[in-house]
Amino acid sequence: KMSLSAKEKVIVKDFFAKVSSRSDEVGAEALARLIVVYPQTKSYFAHWKDLSPNGAPVRKHGITIMGGLYEAVSKIDDLAGGLLTLSELHAFVLRVDPVNFKILSHCIMVVLSMLFAEEFTPQIHVAVDKFLALVALALSEKYR
Amino acid sequence: MVEWTDFERATIQSVFEKMDYDDVGPAALSRCLVVYPWTQRYFGNFGNLYNAAAIQGNPMVAAHGKTVLHGLDRAVKNMDDIKATYAELSVLHSEKLRVDPDNFRLLADCLTIVVAARMGADFTADVQGAFQKFLAVVVSSLGRQYH
């Protein structure tokens, strides 16, 4: 089973600390890109009156998602255990098809690359990619 | 046949016109080899790919990165028939190079990340959409002749 090495955990924690001052921006922008570039993802937000990428609901929800990611960073040593509640939420209430975790991860990394071009080196990219994949796995824990 | 909007056509031309191939090509390929290390299987004769620093400093990787990126020029110039444009290259990748076509998608993702870094705020959601659609067509065309 894939897991983060001790070194990779440090890389992820350090990088997310660096990003934290702009984390709201990252979250909002990543979700906006998700619904623009992958319009099928809008199916999960049909209950929102405003689905415009720069509208308030999308921005607010992007920030919420980013908050979840920071919670994951703080629980990096036990993602499955630490994200149990979020996993149950996604499995039983939200029922987001897990393919979308991959797509959102890609959008998050595109935004990280845009806003932190110098810092988002290939070495950091691979650690973050692994981390996001492990978060996605933890969120899918309770699906079936 | 793929339908392109005026915005998408203009965006693809503009992104590639502004691109520094000598910078982006090597950056995208080396990033792919670091982020998805199993892709190194195709480069056994490239010498030292032992770690990220070695990969990023490897001149054969850099040269090949430029080759691959210039390979996209044909699609940029023939957006209305990318499938036919890449038929031969698809056969080459399938029968001679024997590259798992999923690798095209991995490289495309790394290229997107590199272009995002270079373009910064200019890489808007709409530009990203057009760019990814273009790459998806390229990736699909390169996989078309596999059997």
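In this text the structure is predicted, and so the values were computed from the model without any measurement.

As for the overall build of chain A
- Counting its regular elements, chain A contains seven helices and zero strands.
- Listing the helices and strands of chain A from first to last along the sequence gives α-α-α-α-α-α-α.
- Overall size of chain A, expressed as C-alpha extent along the three principal axes, is 45 × 40 × 20 Å.
- For chain A, with 144 residues in total, the buried portion stands at 47%.
- A separation of at least 24 residues holds for 75% of the contacts in chain A among residues at least 6 apart in sequence.

Details of helix α7 (residues 87-96) of chain B
All names here are of chain B.
- Among the residues of α7, those classed as buried are Leu89, Ser90, His93 and Ser94. Across the axial projection of α7, the buried residues extend over an arc of 130 degrees, all falling on one side. Exposed residues pointing more than 90 degrees away from the buried face of α7 are listed as Glu88 and Lys96.
- Where the residues of α7 are buried, they touch α5 (73-77), α8 (102-119) and α9 (125-143).
- Count one or two residues on from α7 and you reach Arg98, which has phi positive near 50 degrees.

Looking at the UniProt feature "domain: Globin" (unreviewed entry) in chain B
- As recorded in UniProt, the sites labelled "domain: Globin" (unreviewed entry) are residues 3-147 of chain B.
- Measuring from the first to the last C-alpha atom of residues 3-147 of chain B gives 26 Å, for a span that is 71% helix and 0% strand.

Let's talk about the interface of chain B and chain A
- The interface is formed by 20 residues belonging to chain B together with 18 residues belonging to chain A.
- Along the contact surface separating chain B from chain A lie zero salt bridges.
- The tally of links from chain B across to chain A stands at seven residue pairs in polar contact (both at pLDDT 80 or more).
- Of all the secondary-structure elements, those providing two or more residues to the side of chain B that touches chain A are α2 (21-35), α3 (52-57), α8 and α9 of chain B.
- Tallied by class, residues from the side of chain B that touches chain A come to ten nonpolar, seven polar and three charged.

Describing the UniProt feature "domain: Globin" (unreviewed entry) in chain A
- Under the UniProt annotation, the feature "domain: Globin" (unreviewed entry) is placed at residues 3-144 of chain A.
- Helix makes up 69% of residues 3-144 of chain A and strand 0%. Its end C-alpha atoms lie 22 Å apart.

Section: the packing of α2 of chain B against helix α4 (residues 59-71) of chain B
Residues and elements named next belong to chain B.
- One way to put it is that α2 packs onto α4 with a least axis distance of 7 Å and a crossing angle of 110 degrees. What the angle tells us is that α2 and α4 run roughly perpendicular. The handedness of the crossing between α2 and α4 comes out as right-handed. Here Tyr21, Asp22, Val24, Gly25, Pro26, Leu29, Ser30 and Leu33 of α2 come into contact with α4, specifically with Val61, Ala62, His64, Gly65, Lys66, Leu69 and His70.
- Considering only residue class, the contact of α2 with α4 consists of eight nonpolar, five polar and two charged.

Rules and cut-offs
- Residues numbered from 1 in each chain as written.
- Chains lettered and ligands numbered in written order.
- Predicted model: local features only at pLDDT ≥ 70, side-chain atom pairs only at ≥ 80, totals over all residues.
- Heavy atoms only, no water.
- Helix = DSSP H or I, 4+ residues; strand = E, 2+ residues; numbered from the N terminus.
- Buried < 20%, exposed > 50% of the residue type's maximum accessible area, 1.4 Å probe, protein only.
- Contact = heavy atoms within 4.5 Å.
- Arc of directions from axis to C-beta.
- UniProt positions renumbered as here; feature names shortened; annotations may be inferred.
- Salt bridge = Lys/Arg side-chain N within 4 Å of Asp/Glu carboxyl O.
- Polar contact = N/O pair within 3.5 Å; in protein donor to acceptor, adjacent residues only side chain to side chain.
- Nonpolar A, V, L, I, M, F, W, Y, C, P; charged D, E, K, R; others polar.
- Axes fitted to C-alpha atoms, helices over the stretch in contact; angles between N-to-C directions.
- Parallel < 35°, antiparallel > 145°, perpendicular 65-115°, else oblique.
- Left-handed = near helix turned anticlockwise from the far one by under 90°.

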